[in-house]
Amino acid sequence: MNSKAIVVVSRKLPQAVEGRLRHDYNPRFNDEDRLYTKDELIELASGAAGIVACHTDRLSADVIARLPDTIRVIANVSVGVDHVDLHAARERGIAVTNTPGVLADATAEVTILLLLGAARRASEGERLIRAGEWNSWSPSFMVGTQLTGKRLGIIGMGQVGQVTARRARGFDMTIHYHNRRRLPPDLEAGATYHETPEALLPHCDVLALHCPAIPETQRLLNAERIALLPDGAIVVNTARGSIVDEAALIAALRSGKLAAAGLDVFDNEPNIDPAFAQLSNTFLLPHIGSATRETRDAMGFRALDNLDAVLAGREPRDRVA
Ligand code: DGY
């Protein structure tokens, strides 16, 4: 008889990660890689010891309350855990883990891509060529914002924020930031710390959001705070859509208060507000910040290290609940 623990794997994972799961556990894979309904997930969890989850799963209090008693761990393949009701998991004694530290490079790369794409009107240019509508050139054609030497403001100076700052220094950008705690001088590396978002925003030619989605950061970038940005600023978000008041962002993009936005994350993904795609001054990506082969392997293995630890009775490295 196979005595390996049963583990539900909610989405398709890299081959090597699924290989390790197959070797060590009795995995219930999602070969079709479709989003399970709440009821399906609960049913699949019957007799299982753990769930390897993703940010697309909605592990709300009602779902967690209905999980079988056999579930001991939700090992997320994500750094963000806003899709899990941590309080409900704690109440039921289910450990929850995430994957910090392994996706900073990939996410910072996408931040720079968004920054450049938004500043240099890449989406507009691409669409013009693909539509066969590029028919002239002049010195006033598709003029954008130059990033070199500009001020980059970062809200959330964790690992992703710090790598973004390092990459942006390659464009001679000066770095300003707001974080819950000021960084020590070696990590700050000359960046200017601002104690509040309000103090930071007037110094941002470009604003990059890298803070976690927690109740305190919900709609952090709202109309009042957008008004504090310099006219013609650019906003970039690779964190979570819930950090931004999207109606206020769209209004500022329409009015010209903001020159452009580069967005990889949205409210209600993948059914995002259609206004984003209608605006010409947006550069949009479908939540691919960590989507590189290297990083998805690293995230998967880190999630499995956490899963292994909990199921072996050890403290996991990345426990969030
Ligand atoms: C994360 O790790 O939080 C990314 O957004 C992918 O889920």
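Residues numbered from 1 in each chain as written. Predicted model: local features only at pLDDT ≥ 70, side-chain atom pairs only at ≥ 80, totals over all residues. Heavy atoms only, no water.

A. Fine view of the nonpolar core. Ranked by internal contacts, the top residues of the largest apolar core, which has 28 residues, are L207, L229, L249 and L258. At the level of secondary structure, the elements contributing two or more residues to this core comprise strand 9 (206-209), strand 10 (233-237), helix 11 (246-255), strand 11 (258-263) and helix 12 (275-278). In terms of residue count, the dominant contributor to this core is helix 11 (5 residues). Beyond its immediate sequence surroundings of up to four residues, L207 is in contact with G153, I155, L200, L201, L221, L229, I234, V235 and V236. (Core = buried A, V, L, I, M, F, W, Y, C linked by side-chain atoms within 4.5 Å. Buried < 20%, exposed > 50% of the residue type's maximum accessible area, 1.4 Å probe, protein only. Helix = DSSP H or I, 4+ residues; strand = E, 2+ residues; numbered from the N terminus. Contact = heavy atoms within 4.5 Å.)

B. The arrangement of the pairing of strand 3 (residues 50-53) in detail. Going residue by residue along strand 3, you find G50 and V52 tucked away on one face and I51 and A53 tucked away on the opposite face as well. In the sheet, strand 1 (residues 6-9) pairs with strand 3 via 3 bridges, with the strands oriented parallel. Bridge pairing links V8 to I51 in strand 3. Across 4 bridges, strand 3 lies against strand 4 (residues 73-76) in parallel orientation. Residue pairing across strands places V52 opposite A75, the latter belonging to strand 4. In terms of handedness, the path from strand 3 via helix 3 (residues 61-66) over to strand 4 forms a crossover that is right-handed. (Pairing = 2+ DSSP bridges. Right-handed = clockwise from strand over helix to strand, strands pointing away.)

C. Spotlight on the site of the ligand. As a matter of local geometry, the ligand sits amid H55, S78, V79, G80, L103, R240, H287, S290 and M299. A distance of 2.7 Å separates an oxygen atom of the ligand from a polar atom in the backbone of V79. Within the complex, 90% of the 230 Å² of free accessible area of the ligand lies under protein. (Near = heavy atom within 4 Å. Polar contact = N/O pair within 3.5 Å; in protein donor to acceptor, adjacent residues only side chain to side chain. Areas by Shrake-Rupley, 256 points an atom, 1.4 Å probe, with all protein chains shown as cover.)

Read these as geometric descriptors, not functional statements.
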